[in-house]
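Descriptive analysis of the structure
What follows is the residue order along each chain.
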Amino acid sequence: MSNSNHEFPKPLEIPNSSSKSEQSLNFFRNQIEQHHRRFQASIPLIASENLVSRAAMDMFTTDLHNRYAEGLPGSRYYEGNEDYDPIELHTEELAKRLFNAPFADVRPISGTAANISALFSLASPGDKFMAPELAAGAHISTQKFGAAGLRGLTTITYPSIHETMSIDTDLAVKAIHTEKPRICYVGQSVYLFPNDLKPIVEAANEVGANTMYDGAHVLGLIAGKQFQDPLGDGMNLITASTHKTFPGPQHGVILANKDVELPNGKSLHKTIRNKVFPGVHSNHHLHKVAAFGVSLAEALEFQEDYAKNIISNAQNLAESLWNRGMKVFASDLGFTQSHTVLVDVSERGGGADVSKRCEAQGLIMNKNMLPGDTSAVNPSGIRLGTPEMTRLGMGKDAMDEVAELIHLASISGHESEVRERSKSLKNQYTEMKYCWKTEENAYTLPNWSEITNFN
Ligand SMILES: Cc1ncc(COP(=O)(O)O)c(C=O)c1O
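Residues numbered from 1 in each chain as written. Predicted model: local features only at pLDDT ≥ 70, side-chain atom pairs only at ≥ 80, totals over all residues.

**Re the site of the ligand**
What counts here: Put plainly, near means the residue's C-beta atom, positioned from the backbone, lies within 6 Å of the molecule or strand in question. Note on conventions: DSSP H or I runs of at least 4 residues are helices, E runs of at least 2 residues are strands, and numbering of each starts at the N terminus. Any residue outside Ala, Val, Leu, Ile, Met, Phe, Trp, Tyr, Cys, Pro, Asp, Glu, Lys and Arg is labelled polar, Gly included; the first ten of those are nonpolar and the last four are charged.
Around the ligand sit 15 residues in total, of which Gly111, Thr112, Ser189, Ala216 and Ser241 are the nearest. For the shell around the ligand, the element with the highest residue contribution is helix α4 (residues 111–122), accounting for three residues. For the shell around the ligand, a count of residues per class yields one nonpolar, 13 polar and one charged.

What follows is the structure in structure tokens.
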């Protein structure tokens with residue numbers, strides 16, 4: 001059923017073992033330019049992706065990229081950090097300010113590294129760990145084969161409400177009392193509706209568990225005060241990646257409420273510091289810390305508006321798809337209160353087939369499991385996200401056109417029309433919003449260095 005991609009050029013042949021070294025450089029440059037052109041001509045709908053601002057991206061190519069800064073500002077194992085240390089300190093201050101957090105560690109290099117650091121801080125092998133079900137949108141970090149398993153934890157899942165893919169709070173509270181876990185974790189990769197956190201925190205306190213909120217997907221919505229306030233609701237920690245609804249560099253962060261004593265008598269804040277380094281990291285990618293700092297500074301100015309528009313775009317997209325007869329998840333509840341929309345496309349060929357066909361027509365999304373699915377490779381659904389399109393300034397009318405294109409792309413017979421319409425819609429939105437403005441477009445081709453000693 002899949003159509004071939006008749007518009008986008010095929011990748012170049014990968015240089016073979018007898019090719020000259022410089023051919024490899026040309027190959028990488030060419031592929032990256034092609035990647036930029038593809039994104040320039042497509043509608044990006046991956047819920048976990050976003051565009052980092054140019055001001056933040058500038059930090060990537062500085063000398064910070066070449067350095068180490070093991071330890072903490074003022075107490076490093078390496079010399080040469082005199083100028084970098086204030087950058088890390090200021091980034092931490094900005095994170096604490098934006099999230100109203102008593103504590104921030106900006107060194108984790110990803111959401112997963114933040115989760116591993118947190119799990120190693122809060123629990124010991126053999127402990128029980130409560131998390132949502134995979135089928136209710138949980139991340140792989142919560143599983144035996146992810147971070148939880150790596151720490152030797154036994155994952156017990158909260159009962160969930162399948163209609164909303166969220167935790168059933170009443171039953172979860174009962175389960176916490178029965179199971180008495182070491183950690184109560186909340187957070188999802190398909191995160192449509194906020195969870196009711198206070199009863200979970202209360203039950204966790206009653207059984208002596210610590211609480212951890214994985215805000216990887218919704219960090220930007222929390223920053224913009226549009227989703228929920230996990231620290232305000234009493235969760236001990238937020239772990240997150242910094243590049244989904246929060247439009248920063250690919251990096252991670254741990255935010256914490258006021259310090260508490262862990263069962264081993266140690267301070268939670270100090271334990272996190274020690275697990276982040278030397279436990280999980282050595283190099284913490286200093287250029288990304290600086291870029292995160294810039295993104296936090298931008299977020300203090302722009303994130304509230306941005307987060308509001310991400311959510312209203314998701315709701316409008318969902319409604320427009322629904323009006324075209326597509327089976328959007330949670331229709332009784334307004335579809336979504338986040339950046340994510342879930343659609344059952346089993347009647348249109350299933351998630352794998354629909355997402356592949358859409359890609360060939362200039363609509364980039366991912367297949368996704370729905371409750372009741374057993375195969376992650378061939379699931380019934382697609383997951384759509386609005387962070388990147390909102391970042392480019394799209395609003396209600398554009399969402400309606402995107403919905404029309406997804407509808408047409410998921411039934412056969414409109415391939416070249418959809419391809420052209422996707423491209424032409426996208427061409428109207430090239431400038432990044434909700435950040436400091438620069439001359440470059442979102443997908444401007446890289447400015448390659450000139451090589452002067454090619455043979
Ligand atoms: C809920 C959740 N936690 C953690 C992660 C991992 O984040 P990263 O990709 O930054 O390691 C993801 C990634 O999508 C996620 O959805």
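**Some points on the sheet that holds strand β5 (residues 128–131)**
Strands pair in a sheet through their backbones, by hydrogen bonds, and they do so in one of two ways: parallel or antiparallel. As a reminder of what qualifies: Strand pairing is assigned whenever DSSP detects at least two bridges linking the two strands. Axis definition: a line fit to C-alpha positions, over the contact stretch in the case of helices; interaxial angles, taken between N-to-C directions, run 0 to 180 degrees. Note that contacts rest on C-beta atoms placed from the backbone: two residues are in contact if these are within 7 Å.
One open sheet holds the seven strands; their spatial order is β4-β12-β11-β10-β9-β5-β6, and the pairing between them is mixed. Each edge of the open sheet carries a strand with a single partner, namely β4 (103–105) and β6 (154–157). The average undirected angle you get between the axes of adjacent strands in this sheet is 20°. Bridge count between β5 and β6: four bridges; the pairing is parallel. Following the sheet pairing, Met130 is matched in β6 by Ile156. Contacts between α4 and the sheet are confined to β9 (183–186), β10 (210–214), β11 (237–241) and β12 (252–256), with β11 contributing the most and set at about 155° to the helix.

**Here's the deal with the pairing of β9**
What counts, and what does not: Put simply, a residue is buried when 20 or more other C-beta atoms lie within 10 Å of its own C-beta and exposed when 12 or fewer do; between those, it is partly exposed, and each C-beta is set from the backbone.
Both faces of β9 are covered, namely the face carrying Ile183 and Tyr185 and the face carrying Cys184 and Val186. Sheet topology places β5 next to β9; two bridges connect them, and they run parallel. The partner of Met130 across the bridge, within β9, is Cys184.

**Focus on the pairing of β12**
Burial runs high along β12: five of the five residues are buried. The side-chain alternation of β12 yields two buried faces, one formed by Gly252, Ile254 and Ala256 and the other by Val253 and Leu255. Bridge count for β4 against β12 is three bridges, and the pairing is antiparallel. Along β12, the bridge assignment pairs Phe103 with Ala256. Direction of pairing for β11 relative to β12: antiparallel, over a ladder of five bridges. Each bridged residue has a counterpart across the sheet, and for Thr239 the counterpart in β12 is Ile254.

**Some words on the sheet that holds strand β13 (residues 327–328)**
Strands sit in the order β13-β14-β17-β16 across an open sheet of four strands; the sheet is antiparallel. Of all strands in the sheet, those with a lone pairing partner are β13 and β16 (366–368), marking the two edges. In this fold helix α10 (residues 286–323) packs onto β13, β14 (340–344) and β17 (381–385), with an angle of close to 20° to the strand it touches most, β14. Running at roughly 170° to β16, helix α11 (residues 350–360) makes contact with β16 and β17 of the sheet.

**Quick notes on helix α3 (residues 85–99)**
Rules: By definition here, a helix of n residues has an expected span of 1.5 Å times n minus one.
In a regular helix each residue adds 1.5 Å, so 15 residues correspond to 21 Å; α3 covers 21 Å between its end C-alpha atoms and thus fits that length. Along its buried surface, α3 packs onto β4, α8 (219–223), β12 and α10.

**Brief notes about the packing of helix α13 (residues 396–409) against helix α14 (residues 415–427)**
Rules: Note on angle classes: values under 35 degrees are labelled roughly parallel, values over 145 roughly antiparallel, values of 65 to 115 roughly perpendicular, and the remainder oblique. Crossing handedness: left-handed means the near helix sits turned counterclockwise from the far one by under a right angle, and right-handed means the same turn made clockwise.
Two elements in contact, α13 and α14, have axes whose closest approach is 10 Å; the angle formed by their N-to-C orientations is 160°. Considering their axes alone, α13 and α14 lie roughly antiparallel with respect to each other. Relative to α14, the crossing made by α13 is left-handed. Counted together, Ala398, Glu401, Leu405, Leu408 and Ala409 of α13 and Val418, Arg421, Ser422 and Leu425 of α14 form the full contact between these two elements. Taken together, the residues that form the contact of α13 with α14 break down as six nonpolar, one polar and two charged.

**Section: the nonpolar core**
What tends to happen in soluble globular proteins is that the nonpolar side chains get buried as a cluster. Going by this rule: A set of buried Ala, Val, Leu, Ile, Met, Phe, Trp, Tyr and Cys residues, joined to one another through C-beta atoms within 7 Å, is what we call a nonpolar core.
Counting residues in hydrophobic clusters, the biggest one holds 127 residues, and the most contacted among them are Ala95, Leu255 and Val343. At 16 residues, the largest contribution of residues to this core is made by α10. For Val343, the contacting residues outside a window of four places in its chain are Leu321, Met326, Lys327, Val328, Phe329, Gly381, Ile382 and Leu384.

**Quick word on the environment of Leu98**
Summarising the element assignment, Leu98 is placed in helix α3. Sequence-wise, Leu98 and Gly232 are 134 residues apart; in three dimensions their C-alpha atoms are separated by 13 Å. The contact partners of Leu98, leaving out residues within four places of it in the chain, are Ala223, Leu296, Ala299 and Leu300.

**Considering the packing of α10 against α13**
Packing of α10 against α13 leaves a shortest axis separation of 8 Å and a crossing angle of 40°. In terms of orientation, α10 and α13 fall into the oblique class. The element α10 and its partner α13 pack so that their crossing is right-handed. Residues Asn313, Asn316, Leu317, Ser320 and Leu321 of α10 form the contact with α13, whose participating residues are Lys396, Met399, Asp400, Val402, Ala403, Ile406 and His407. Tallied by class, residues from the contact of α10 with α13 come to six nonpolar, four polar and two charged.

**Some points on the environment of Ile364**
Following the sequence through the fold, Ile364 ends up in strand β15 (residues 363–364). Considered as a pair, Ile364 and Glu439 are 75 residues apart in the sequence and their alpha carbons are 26 Å apart. Residues within four places of Ile364 in sequence aside, it is in contact with Ser42, Ile43, Pro44, Leu45, Ile46 and Glu359.

**Let's talk about unusual backbone geometry**
The step from Phe277 to Pro278 runs through a cis peptide bond, and the omega angle for that step is 10°. Locating Pro278 in the fold gives a position in helix α9 (residues 268–280). The phi dihedral of Lys225 is positive, around 60°, even though this residue is not glycine. Its place among the elements puts Lys225 in the loop between α8 and β11. Residue class for Lys225 comes out partly exposed when judged on the 13 C-beta atoms lying within 10 Å of it.

**Some remarks on the confidence of the model for the protein**
To keep things clear, this is the line we draw: Per-residue confidence from the predictor is given as pLDDT, running between 0 and 100.
Overall, the prediction assigns the protein a mean pLDDT of 96, with 98% of residues at 70 or greater. Contacts from residues 1–5, a stretch scored under 50 in pLDDT, to residues over four places away or in other chains number nine contacts.

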